[in-house]
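Take a look at the letters that make up each chain.
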Amino acid sequence: MARNRHPEETVTLILDVAFRLFMEKGYEYTSIQDILDQLGGLSKGAIYHHFKSKEEILVAVVDRMTAESNQMLAEIRDRPGLTGKEKLKTIFKASISRPVQDQIFTVAPNFRNNAKLLFGLLHDTIEEAAPNYVVPIIQQGIADGSIQTEYPKALAELILLTANVWMNPMIFDSTQEETWQKFMVFAQMMEGFGLDIMDQELLERIQTLTALYQQNK
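## Comments concerning the overall build of the protein
Across its full length, the protein holds 11 helices and zero strands. Its helices and strands taken in sequence order, the protein reads α-α-α-α-α-α-α-α-α-α-α from the N to the C terminus. Structurally, the protein occupies a C-alpha span of about 60 × 35 × 25 Å along its principal axes. Residue burial in the protein is summarised as follows: out of 217 residues, 46% are buried. Taking as baseline every contact in the protein between residues at least 6 positions apart, the subset at least 24 positions apart corresponds to 69%. Carbon and sulfur atoms provide 54% of the accessible area of the protein, an area that totals close to 11000 Å². Across the protein, the 21 positively charged side chains and the 29 negatively charged ones have centroids separated by 5 Å.

## Observations concerning the packing of aromatic side chains
Counted under the stated rule, the structure contains one aromatic pair. Aromatic pair F92 and F186: ring centres 5.8 Å apart, planes at 70 degrees, arrangement edge-to-face. Of the two residues, F92 sits in helix 5 (residues 84-97) while F186 sits in helix 10 (residues 176-192), which places them 94 residues apart along the sequence. Both residues of the pair, F92 and F186, belong to the buried class.

## Some details on the packing of helix 5 against helix 7 (residues 115-144)
Between helix 5 and helix 7, the least distance of the axes is 7 Å, while the angle of their chain directions is 145 degrees. Taken together, the residues of helix 7 that come into contact with helix 5 (itself represented by G84, K87, L88 and I91) are V134, I137, I138, Q140, G141 and D144. When grouped by side-chain class, the residues that make up the contact of helix 5 with helix 7 number five nonpolar, three polar and two charged.

## A word on the environment of W180
Its location among the elements puts W180 in helix 10. C-alpha separation for the pair W180 and A130, spaced 50 residues apart in sequence, amounts to 25 Å. When near neighbours in sequence (up to four residues on either side) are disregarded, W180 contacts L203 and Q207.

## Quick word on helix 1 (residues 7-25)
Here helix 1 spans 26 Å end to end across 19 residues, near enough to the 27 Å set by a 1.5 Å rise per residue. Every buried residue of helix 1 is accounted for by T10, L13, I14, L15, V17, A18, F19, L21, F22 and M23.

## Things to note about unusual backbone geometry
Backbone geometry places D173, a non-glycine residue, at a positive phi of 55 degrees. By relative accessible area, D173 is classed as partly exposed at 23%.

## Some thoughts on the pattern of salt bridges
Applying the stated criterion to the full structure yields 10 salt bridges. The partner of E75 in a salt bridge is R79, and the shortest N-O contact between them spans 2.6 Å. When its relative accessible area of 41% is taken as the criterion, E75 is described as partly exposed. Notably, a salt bridge pairs E157 with K153, separated by 2.8 Å at the nearest N-O pair. Taken together, the residues span about one helical turn, with E157 and K153 both in helix 8 (residues 152-166) at a distance of four residues. For E157, a relative accessible area of 19% puts it in the buried group. If you follow the salt bridges from partner to partner, you end up with K89, K93, D199 and E201 in one network.

## So, helix 11 (residues 200-216)
With 17 residues, helix 11 should cover 24 Å at 1.5 Å per step; its first-to-last C-alpha distance of 25 Å lies within 8% of that length. Buried within helix 11 are the following residues: L202, L203, R205, I206, Q207, L209, T210, A211, L212 and Y213.

## Regarding the nonpolar core
By size, the foremost hydrophobic cluster in this structure holds 64 residues, and its most contacted members are F22, I57, F92 and M198. Among residues more than four places away in sequence, those in contact with I57 are I14, L15, A18, F22, I32, I35, I47 and F51.

## Details of the environment of K217
In this structure, K217 sits in the segment after helix 11. Using a relative accessible area of 52% as the deciding quantity, one classes K217 as exposed. Taking the C-alpha atoms as reference points, K217 and T106, 111 residues apart in sequence, are found 8.0 Å from one another.

## Some thoughts on the confidence of the model for the protein
When pLDDT is averaged along the protein, the result is 88; 96% of the residues meet or exceed 70. Ranking the helices and strands of the protein by mean pLDDT puts helix 8 first, with 95, and helix 6 (residues 99-107) last, with 76.

Conventions used here
Residues numbered from 1 in each chain as written. Predicted model: local features only at pLDDT ≥ 70, side-chain atom pairs only at ≥ 80, totals over all residues. Heavy atoms only, no water. Helix = DSSP H or I, 4+ residues; strand = E, 2+ residues; numbered from the N terminus. Buried < 20%, exposed > 50% of the residue type's maximum accessible area, 1.4 Å probe, protein only. Contact = heavy atoms within 4.5 Å. Areas by Shrake-Rupley, 256 points an atom, 1.4 Å probe, with all protein chains shown as cover. Lys, Arg positive; Asp, Glu negative; His and termini not counted. Charge placed at Lys NZ, Arg CZ, Asp CG, Glu CD. Phe/Tyr/Trp six-rings, centres within 6.5 Å; stacked < 30°, edge-to-face > 60°. Axes fitted to C-alpha atoms, helices over the stretch in contact; angles between N-to-C directions. Nonpolar A, V, L, I, M, F, W, Y, C, P; charged D, E, K, R; others polar. Expected span 1.5 Å × (residues − 1). Salt bridge = Lys/Arg side-chain N within 4 Å of Asp/Glu carboxyl O. Core = buried A, V, L, I, M, F, W, Y, C linked by side-chain atoms within 4.5 Å. pLDDT = per-residue confidence, 0-100.

In structure tokens, the structure reads:
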């Protein structure tokens, strides 16, 4: 029974259920009672023992979602033997190839009903991913000659916001055709910075994820 679980297992269960409900129903339309109903007998008091509010659950859900991604970014940032430009390409491929992406796109969350999740995505992009992972890679690329820019911080933010937000079909409800057009514009933009790193494999993967979203929304 859920009430007999160890504390860390209870927290994992709560976050698993909350993640699925936030994705399916939207944060604003998910109540503590909705979460409780799917916890197999766990009491409301047990939830509040670990989390003071639904918003605190959301913070933990977002932190868990981004922790795996940030670990992957750190590994690529610190990987020897690659230029800065090669590391950027590796980040794109690794990010969209993670199995959790299929899960998220299959659940097809509507970010218009997930304003707090969307804010979490934006916050992590600007406050965590850009300065801690992408800026150092761009600075390495400047040093090794594979990337040319005088503004590594601004370029890092532009790349991530374009890729994670503007090109995200779950935010703008993009069709496969619209996603293809955005990909082509993004590829042209990157080439303007000397970063010809967007290839057919990336396009096909993005199209597959978009199809998953459109089929299940």
